[in-house]
Every structure is written in C-alpha cells, then in structure tokens.
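Now for the letters of each chain:
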Amino acid sequence: MIPASRWSSRSLGSRLQHDFFYACIRLGGWRLAYAVLAAVVLFYTLLPSVRKRSHPYLSRRFPGASRTAMFRHTYRLNFTFGKVLVDRAVRGIVGLGKVEASLEDTQHFLQLLDEGRGLIVITAHVGAWQWAMSELSFTGRRMHVLYRRDVGDVDRQYFEHSEEAEPPHFIDPCSDFG
C-alpha cells in the first residue's frame, strides 16, 4: 500500500503522451484511442513498478492466482481504467456520450435544488464524478467538487477539453475546508 504522504494523482504519462491520445480521439474517435491504449497498457503492464501499484488490490481480489493470471488481471484493470480516461476525454473533446435520466428524475433533481439548500451528490465510484458533472450542467448552477490534484498533473478533466463546459470549483481535501 502506498502511504498517503507518497500518494500522487499524477498520471504515468507525460503531457506529450496525453496530447497524443487527445489527437487520436480527434482523428479517429474512441475506437482509435482504445486501439492505441491496448498497446500502451501492455507496455506499462510489463513494468514491475506499475504491476506493484495494483498488487495489493488484485492479490486480495484474486487470492492464489498464478503469475500469468495476475498479469492478465493487471492488464485488464489498467486497460479498464485507461478506457475511463479515454471516455472522459472523448466526452470533452467531441461531446460523445450521454447519461440517460428520466424526465421525472431530472425534475426531482431540479426541485431539490430549488429548495435553496444545495445538494450533495455522491457517486458510487470516484472515477465517475467527471461524467456526472458534465451531465449536471443543465442545472445552470455552480458546482463544487472535493478533489485533490497534484500541481504537475497533466491529465485533463472533461471540461478542460471543451470551451463550453464551465469548470467546477475544486475543494482540496487537504485544505482547512476540505
């Protein structure tokens, strides 16, 4: 387990590598980006330092798995996580992807906001907040997100790819208010 003092939200990739993926999305959409991602994830999964990052989780999730099986699990975990990052970029760059909500749910959400007390939205998975934020823009209200972001992090959020999206206000969990 990585101690909290050594944890970093920074991506393994450089700014140039991220920009390459963003160019792939602009040129060939998510399909091209997924194809490139498959090769990139294989390269990173071959690195012992990368496999070590997910070992505590995977060894508990798949106790007794062989080395070959553990390699496959590591690849699948990293590929799935990479797809989330690609999907987030696709949402911001080309605007594809939509969360389906019934008219009743949307109206209920707006009624709660109209009460004037604010609303706290908790996602079932921390990686889903970007998607949720992009879909909640219909409210026209400023949103705040509890989020720790390293200064050198080059991984862009969905709204950093789009000039139309208003960025949420970030609250650093390490700050006094966080």
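These notes cover the structure that comes with them.

Quick notes on the rules
- Here the residue index of a chain counts from 1 through its sequence in written order.
- Note on the predicted model: pLDDT of at least 70 is required for a residue's local features to be given, and 80 or more for side-chain atom pairs to be given and counted; whole-chain, interface and lining totals, by contrast, use all residues.
- Hydrogens and water molecules were not included; the side-chain quantities draw on all heavy atoms of the structure.
- Numbering goes from the N terminus for both helices and strands, where a helix is a DSSP run of H or I of at least four residues and a strand is a run of E of at least two.
- Buried residues are those whose accessible area, probed at 1.4 Å on protein chains only, stays under 20% of the maximum for their type, while exposed residues exceed 50% and partly exposed ones sit between those limits.
- Any pair of residues with heavy atoms lying within 4.5 Å of one another is described as a contacting pair.
- Accessible surface area values rest on a Shrake-Rupley calculation with a 1.4 Å probe, where residue burial reflects the displayed protein chains alone.
- Put simply, a salt bridge is a Lys or Arg side-chain nitrogen that is within 4 Å of an Asp or Glu carboxyl oxygen.
- Within this analysis, patches are made of residues with over 30% relative accessible area and no salt bridge. Like charges are joined at 9 Å or less; nonpolar side chains (Val, Leu, Ile, Met, Phe, Trp, Tyr) at 5 Å or less.
- A helix is expected to span 1.5 Å multiplied by its residue count minus one.
- Axes are fitted to the seven residues ending at a residue and to the seven starting at it; the angle between these axes is taken as the bend at that residue.
- Working definition: a ring pair exists when centres of Phe, Tyr or Trp rings (six-membered ring for Trp) sit within 6.5 Å. Plane angles under 30 degrees give stacked, over 60 give edge-to-face, the rest tilted.
- Think of each axis as a best-fit line through the C-alpha atoms, taken over the contacting stretch in the case of a helix, with angles from 0 to 180 degrees between the N-to-C directions.
- Reported orientations rely on four angle classes, namely roughly parallel under 35 degrees, roughly antiparallel over 145, roughly perpendicular from 65 to 115, and oblique for the rest.
- Left-handed is the label given to a crossing in which the near helix is rotated counterclockwise from the far helix by less than a right angle, and right-handed is the label when the rotation is clockwise.
- Note on residue categories: nonpolar means Ala, Val, Leu, Ile, Met, Phe, Trp, Tyr, Cys or Pro, charged means Asp, Glu, Lys or Arg, and polar means any other residue, Gly included.

1. Quick word on the overall build of the chain
Alright, step 1. Regarding its fold elements, the chain presents five helices and two strands.
Alright, step 2. Across the chain, helices and strands are ordered from the amino to the carboxyl terminus as α-α-α-α-α-β-β.
Alright, step 3. Here the chain holds 178 residues, and 30% of them are scored as buried.
Alright, step 4. Nonlocal contacts in the chain, meaning residues at least 24 apart in sequence, comprise 68% of its contacts between residues at least 6 apart.
Alright, step 5. If you sum the accessible surface of the chain, you get close to 12,500 Å²; carbon and sulfur atoms cover 58% of it.

2. Remarks on the pattern of salt bridges
Alright, step 1. Within this structure, the stated rule accounts for one salt bridge.
Alright, step 2. For the salt bridge of arginine 117 with glutamate 115, the shortest nitrogen-to-oxygen distance reads 2.9 Å.
Alright, step 3. When its relative accessible area of 72% is taken as the criterion, arginine 117 is described as exposed.

3. A look at the environment of tyrosine 57
Alright, step 1. Topologically, tyrosine 57 is positioned in helix H2 (residues 48-61).
Alright, step 2. Sequence separation of tyrosine 57 and threonine 74 is 17 residues, and the distance between their C-alpha atoms is 9.9 Å.

4. Section: a nonpolar patch on the surface
Alright, step 1. A contiguous nonpolar patch, built from Trp30, Val94 and Leu96 and spanning about 260 Å² of accessible area, is present on the exposed surface.
Alright, step 2. For valine 94, the position within the fold is in the loop between helix H3 (67-93) and helix H4 (103-114).
Alright, step 3. For valine 94, a relative accessible area of 40% translates into the label partly exposed.

5. A word on helix H1 (residues 15-46)
Alright, step 1. For H1, spanning 32 residues, the distance from its first C-alpha to its last is only 22 Å, which falls clearly below the expected 46 Å at 1.5 Å a residue.
Alright, step 2. At glycine 28, H1 shows its largest kink, close to 130°.

6. Remarks on the side chain of threonine 74
Alright, step 1. With respect to the element layout, threonine 74 can be found in helix H3.
Alright, step 2. Owing to a relative accessible area of 3%, threonine 74 belongs among the buried residues under this scheme.
Alright, step 3. Residues contacting threonine 74, with those up to four places away along its chain left out, are Thr45, Arg51, Ser54 and Leu58.

7. Notes on H3
Think of an α-helix as turning once every 3.6 residues; residues three or four places apart then point the same way.
Alright, step 1. Over its 27 residues, H3 extends 38 Å from the first C-alpha to the last, a length consistent with the 39 Å expected when each residue adds 1.5 Å.
Alright, step 2. Two residues or fewer after H3 comes glycine 95, characterised by a positive phi angle close to 75°.

8. Quick notes on the packing of aromatic side chains
Alright, step 1. Counted under the stated rule, the structure contains five aromatic pairs.
Alright, step 2. Geometrically, the ring pair formed by phenylalanine 20 and phenylalanine 21 is edge-to-face, given 6.4 Å between the ring centres and 80° between the ring planes.
Alright, step 3. Look at tyrosine 34 and phenylalanine 79: their rings are 6.4 Å apart centre to centre, the planes differ by 65°, and that puts the pair in the edge-to-face class. Taken as a pair, tyrosine 34 in helix H1 and phenylalanine 79 in helix H3 lie far apart in primary sequence, 45 residues in all.
Alright, step 4. Residue classification places tyrosine 34 among the buried residues on the basis of a relative accessible area of 17%.

9. Here we look at the packing of H1 against H3
For any two helices packed against each other, the geometry is given by the interaxial angle and the distance between the axes.
Alright, step 1. Remark: H1 packs on H3, axes separated minimally by 9 Å, with the N-to-C direction vectors making an angle of 160°. The angle between H1 and H3 falls in the class roughly antiparallel. Between H1 and H3 lies a crossing whose hand is right-handed.
Alright, step 2. Classifying every residue of the contact of H1 with H3 gives 18 nonpolar, four polar and three charged.

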